[in-house]
Amino acid sequence: MAKGRSSFEFSESDYLDVPLNSVMDLQRIEKESGLPFNNDSLCVAYFRHDDLKQMLDSNRDNLKLEAMKRIIGMVAKGRDASELFPAVVKNVVSKNAEVKKLVYVYLVRYAEEQQDCALLSISTFQRALKDPNQLIRASALRVLSSIRVPMIVPIVMLAIRDASADMSPYVRKTAAHAIPKLYSLDPDQKEELVMVLDKLLSDRTTLVVGSAVMAFDEVCPERIDLIHKNYKKLCALLMDVDEWGQVMILNMLTRYARTQFVNPDLGDLTIDGEERPFYDDEEHENGDDGEEKDEKGSSEDDNEDGQKKKKLAGKKKGKEEEPSKHKAEMDPDHRLLLKNARPLLQSRNSAVVMAVVQLYYHVAPRPEVNIVVKALIRLLRSHTEVQAVVLSSIAAMSTSRQSLFEPYMKSFFVRSSDPTQIKLLKLEILTNIANETNIPLREFQTYISSQDKLFVAATITSIGRCASNIKQVAESCLNGLVSLLSHRDPAVVGGAVVVAKTLLQTQRSGSKPVIVQLAKMVDRVTVPPARAAILWLLGEYCERLPHLPPDVLRKMAKTFSDEEDIVKLQIINLAAKLQVTNPGQTTLLCQYILNLAKYDQSYDIRDRARFIRHLLFPENPETSKLSKYARKILLSSKPAPILQSKFKDRDFQVGSLSHFLNTRATGYQDLPPYPEVAPDPSVRYVEPPPSTVNAHEPIDFGFDSTHGKKSKKKQSKKLSFYSESEESQKSEGTGSESSSSSGGSTNNSSGDSESGTEDSESDSAESNKTDKSEQTGNSDDENTNEVLPSGKLKKNAPTVSSGKSKSQQATDRKVVRYKKKPNKSDTEEEETNSSSSSSDATKGSSSSDSERSYKKKSKNKNNKATKHKDASNVDLLLDMSRDSKATVDELTPPGLMGSLSGEIMNLTLSPSPQFGGSGTSTFGQIQTASAMFIPTKKTELINKISSGGVQVSYRYTRSPHLFSPLMTSIEIIIENTGKVPLKNVRIGQTMLPNGMSINEFQPLDMLDAEMGATAILGINFNDTTQGAKMDMHWETETGARKQTVTFNPKIGELIRPVTMSESLFMAEQGENSSSLGPSLLKAKLRGMNEHEGKAFVNKTLVSTTTTTPRHSLLVHRVYETVNVLQVPSVEDHLVRFAGQSLSSQTLVLVTIHLPEKDGTALVEDEDIPVAARIVVNCDKIVIGSMLAQELKEALK
Amino acid sequence: MIHSLFIINVSGDVFMEKHWKSVISRSVCDYFFEEQKKISSPVDMPPVVATPHHYLITIFRNNLYFVATTTTEVAPLFVLEFLHRVVDIFEDYFGECNETIIKEHYVIIYELLDEMLDNGFPLATESNILKELIKPPNILRTIANTVTGKTNVSCTLPSGQLSNIPWRRSGVKYANNEAYFDVIEEVDAIIDKNGSTVFAEIQGYIDCCIKLSGMPDLTMTFVNPRLLDDLSLHPCIRFKRWENEKVLSFIPPDGNFRLISYHISSQSIVAIPIYLKHYISFREGKLDITVGPKQTMGRQVEEVSLEIPMPKSVANCNLTASQGRYTFDPVSKVLHWDVRKIDITKLPNIKGSISLGAGAGPVEANPTVTVHFVINQMAVSGLKVSRLDMYGEKYRPFKGVKYITKAGKYQFRL
């Protein structure tokens, strides 16, 4: 910058000797452009143009940059730089990034004015749209769509469509931004844009979703149908979207919820919830006898509040104990939205907090709204402008829901340093929430002594409002006002009188002394409205005070000509009323005043005088009908003015611009009223992405359809259960499960389009048969075989999924039957699996052990199962549990757990391709594989000394967990080294960080002394290495004990191995991983982050001996550390591994670069380590960096 | 969304404008000036001004008005929050944000604004991402750039933009790994004439300066986390973990940022660290104020100063302060007493006479005193950090926690 300034000065001094005739030019320019010719810098700006053009034409980048900087300076100041357009546009091809950027800025500013020239730049952008760098693609699209030239609409449309399918989420985000731009340029494109938008809305990246919703809001807010299928995803992603996106999504979902869900307050809450506005309406309508009504209304308000509080308390209790009735009525999706929005109250962004507040205010059941209050109060510490908006929202909310803010009254106390607008708003709120118990009269008194006159006046009005709303304090308020009457400031006195008048009007009794006092003040009060108010009061109550008014009238008659108009009118009024009530004393006075008024300057007053004269002193008393009614006309009872908040009845969405201004802003959309009947909620249930079901398509349909027919109801119940659990875990695995079951419920012949007609036929056939088999006790397996003649369909197919999904409803009787079946059939798969893995040369002994025992055991079971086949179901159930115990005692190999059902699950699941995951399997042939190494190392969890004989340790089994593939399964080894048996060993309370979930092992009923047992625990660590904390409980004869344990996972255990080809690996990682440049580029493109580490690898690890192939030791060492799989490779100096993280299923690619020397040549100096470079590619930065660290350590 | 931005100084000069959509003539600012004429102080500027075709949404910061225009319905807080974020970013880039700085850095500011907003919708507002895209100015780099021909603008997308931790850039390296936490608490209070507390609450912040290499995963635990019942969190904090365990677990942004801000509301009992003994009478023309510490847990009260806005009728003050200095500005009528440290053995006192202007009427109300103070090494709420752990990286960082209590809006009604 320093340089920039110096050259600037230089050029200025250069212009000092510019010939005079240029000044003439300047004046010409001034006329043409209409720009003010006010300062020298403009001269400079003008003169520099030629010079700038020269600089732009030069070959030197820094000259161009300098020129562009100055031009942008002109643009920023708002000076016209349009004539430079051609010179600037040429530079759009500049290689220099900053010049280019500045040209873009310039182009966007002036393209609209210079359309023809702007077209010259288009081809550059079209080229840039294909650039391998995502930032360049994105900025090209950004600028292209910002050039508001109608001619290029088709080009932009094409670009948007391409970009919406770009693999970089950043480019897709830019595409979303471009949609409203194009829409405003050419609304005819709407249909096509909506199609693109639909695609972007279903994007799963948080980066894109927020912008997509923004575009949705601008382009087609009425197309609510586009949201249905994305609703759950939007709710789930809400937390992770950037803050601006959160605001957009929350506002949009508020409207969505209003159209899709029924009013949550319907039902038992109607009585106290919905009736308040109803009463208010009535008040307005029957304003005639407003006084009583008003009192009644306010007392009812109070009662309501009390009731509400009680109700609220009751609700809270109810919530904890059991889901309350009304909660059950709410659509689970409705609940989901509220639940997921709630954490955002803690956002640092006030707009997000406000968006949640309005969501709760407009959509949540009334008792739940109070959770937002605290966050709102917190916002009051923010900047003045934010305060003003928040306070006006609170003011509006407090008119209908006083009780919400009552506990926070003190937060609205006014400080003398607050700006006036804040003071007034706070006062408004204080008045709204004041009731007989909390009215801050002392505060009000302090405010009156403020130096801010506007605020003082508002305070007096507030006191008046409090007095009229709260009967109990009316008296003291009035007294307070009366004491103000002796205030030194005439403005205060005036205000007090006016308010006192209104108050007196609202309460009819006991006001006499006050009126007397007011009347006595008439000499002192100089403020016209106040004088008028006193006179009006005297006139109104002249019958009760026979002596005072005539005297006052006498005084007024003297000063009549000096009064203000408003006072004169009231003098006439007073005279007229006295004439009616007390003609004896006042007739002359009255006529005198009317005469004075007759010649007044104001025609209002002359008119009034004429009217009154004819009413009271008709020229012909007999014929004048009106004068008979003079009394009625003049002294009719008048309704009291209603003092209420100006924030009442602001029907706009809280926190919106329209709400703040209290006028409808352009583009404001009304919140629709709740529908009477909720539209079909099933529109929100989404089909799974096809990739997840592809592989095991024959598996899925069988079970679903069988049971879909039999028990539809059950299915639908299950559905909601699943959808809940899906959200809470955010797990794709369960997600796909639930959706596949939903497919089953809605469509009997299975939701998968892939399943052919053949399948559905066999379905129905099978379901018949299964029914039969249940009755007769026939062998299920036979049935299945008969029914599924198609050779492609494995005969175990339906049973696998049955075992899987049914196990979650553990108590079902049928479960047992199904659970048994997979035994035999699955062993086949397991066999193929294990044989394939055993064919690998280097294999940990323990792994093969475990596999063998798996086999053994399952076969074992299988035999037994067939034996029992004829027994009744109940017997089977019993047998099964007996079996399981027996087998556990017989053999407890690592990797097995004590419960049979679990074990079978383990078997059934392992070959299931579900672990391929929806996220990654789209890339092609990535399949999960079994672990190559199973660690035997145990980690101590509970020491026998500290726990009195219970030794608990754990190790990672590296096999998928049965409950959810997202879980790391951990084998817990419990040994009872004590002398007494342990009972009921189980997991108690768990303390899991965000996103983690756990599947506890089945409690061990009994563990005899000096015995050991194992159990499998599944923890979804959510791809973090944070510890999972939980309590372990057990009981001995002496009593129950518990100990808190923490599982701190190793990063390597949060990954599962996948098989992939080398080419795929390189495609994922980058084109050619050996040369770093492009790899980085491509990897970055895909959003993969690369982490590098250098490690000095012990020679022995990489040396080749006769017995082991090259690198095998190194590979083994990696396997020990990380659960990945080697990718077969032809390159000698590279070792590659692939895996995927358990929870999010993001790919983890590990490459170890070894020096390209032959290992054997260096065998002699074994002490010198070999430098190896470890590269880890992973989308998740944390995993990547930790893994790189971990590997570095391991290979040392 | 945001259509255009105008920056206006207090003398009504529109010295910078930026348009994200079609150009809006700066004559739209006339509505703003019209509104400005109606108000007495710049802080009273209404945040939203409606004009026939546009809505002007304004913030006033650093003696500058930032006026955003929009044509359609938008959440006003959305725009206000964004404008404040813009100023924050400017301050982050240039150290401060005033007219001269903005004029000096037109180009960078333009580039920043262009990057922060696309078609009126926020694009990148994380300072870490922006700093990777557009390098903050610094003399060394400027020289280096002129020599090497490099630019301040990056041509690759910052990695943070794509990751799910956009607030942190990758590849951070420090020679000394340090993490500093300042627990700052501001006491807001109103104390009435008799010395009883009308209202008191605490607004607390934890500001961090984190210079740690790699991807550290930090966990902060408190001795008494129950105190924090209402807080706002930086997006980096794992919410569920806080909710369940009351532990702040986060991967921090690089550099300075505000980790949490919390609010201990008027419903709980708040210690009042300072008291005033005062006598003021305009009729007699006397003033006598003594300041003393109260509930400070033995810590020293520092940087004490009092500000008393006198009524307009006061002409002059003739006072003697036992400690520190006082000034009286006869134009704004503000009496300022700079006390500094409070010595417990000899409490600071100021007394003397006030003279009213000739012909001025009697003064009806006593002024409100605003007090400032700082107490180091104490958090008035009693909040205490129990430990800070780091996961994910192997090195051992240097960690430091500092506690400061300050006066927020601390007022005595005399």
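Residues numbered from 1 in each chain as written. Chains lettered and ligands numbered in written order. Predicted model: local features only at pLDDT ≥ 70, side-chain atom pairs only at ≥ 80, totals over all residues. Heavy atoms only, no water.

Looking at an unreviewed UniProt entry, one finds chain B named AP-3 complex subunit mu-1 and attributed to Folsomia candida. The UniProt entry for chain B carries the following comment under Sequence similarities (unreviewed entry): "Belongs to the adaptor complexes medium subunit family." (UniProt positions renumbered as here; feature names shortened; annotations may be inferred.)

Under an unreviewed UniProt entry, chain A has the name AP-3 complex subunit beta and belongs to Folsomia candida.

Caption draft 1: Just the interface of chain A and chain B, in detail. Of the residues lining the interface, 112 residues belong to chain A; the matching set on chain B comes to 114 residues. For the pair chain A and chain B, the two sides together bury roughly 10000 Å², of which 58% comes from carbon and sulfur. Here chain A is connected to chain B by eleven salt bridges. The salt bridge partner of Arg 381 of chain A is Asp 188 of chain B, with a shortest N-O separation of 2.4 Å. The tally of links between chain A and chain B comes to 37 residue pairs in polar contact (both at pLDDT 80 or more). (Contact = heavy atoms within 4.5 Å. Buried area = accessible area lost by both parts, 1.4 Å probe. Salt bridge = Lys/Arg side-chain N within 4 Å of Asp/Glu carboxyl O. Polar contact = N/O pair within 3.5 Å; in protein donor to acceptor, adjacent residues only side chain to side chain.)

Caption draft 2: How the structure looks around the side chain of Arg 142 of chain A. Turning to its location among the elements, Arg 142 of chain A is positioned in helix α9 (residues 134-146). Within the local environment of Arg 142 of chain A, its side chain forms a polar contact with the side chain of Glu 115 of chain B, the two groups lying 2.9 Å apart. Residues within four places of Arg 142 of chain A in sequence aside, it is in contact with Thr 174 and Lys 181 of chain A together with Asp 114, Glu 115, Leu 117, Asp 118 and Leu 123 of chain B. (Helix = DSSP H or I, 4+ residues; strand = E, 2+ residues; numbered from the N terminus.)

Caption draft 3: Spatial organisation of the sheet that holds strand β21 (residues 368-376) of chain B. Residues and elements named next belong to chain B. An order of β11-β13-β9-β8-β23-β21-β16-β19-β18 is seen for the nine strands of this open sheet, with the pairing classed as mixed. The sheet is open, and its two borders are formed by β11 (231-233) and β18 (325-329), each paired with just one other strand. In this sheet, neighbouring strand axes are inclined to one another by 15 degrees on average, regardless of whether the strands run parallel or antiparallel. (Pairing = 2+ DSSP bridges. Axes fitted to C-alpha atoms, helices over the stretch in contact; angles between N-to-C directions.)

Caption draft 4: Representation of the nonpolar core within the structure. Formed by 266 residues in total, the largest nonpolar core has its most connected members in Tyr 106 and Phe 412 of chain A together with Phe 66 of chain B. With twelve residues, the single largest contributor to this core is helix α2 (residues 76-94) of chain B. Leaving out residues up to four positions away in the same chain, Tyr 106 of chain A has contacts with Met 68, Ile 71, Ile 72, Val 75, Ala 81, Ser 82, Leu 84, Phe 85 and Val 88 of chain A. Membership of the second largest hydrophobic core comes to 134 residues, among which are Tyr 956 and Phe 1021 of chain A together with Phe 257 and Ile 272 of chain B. (Core = buried A, V, L, I, M, F, W, Y, C linked by side-chain atoms within 4.5 Å. Buried < 20%, exposed > 50% of the residue type's maximum accessible area, 1.4 Å probe, protein only.)

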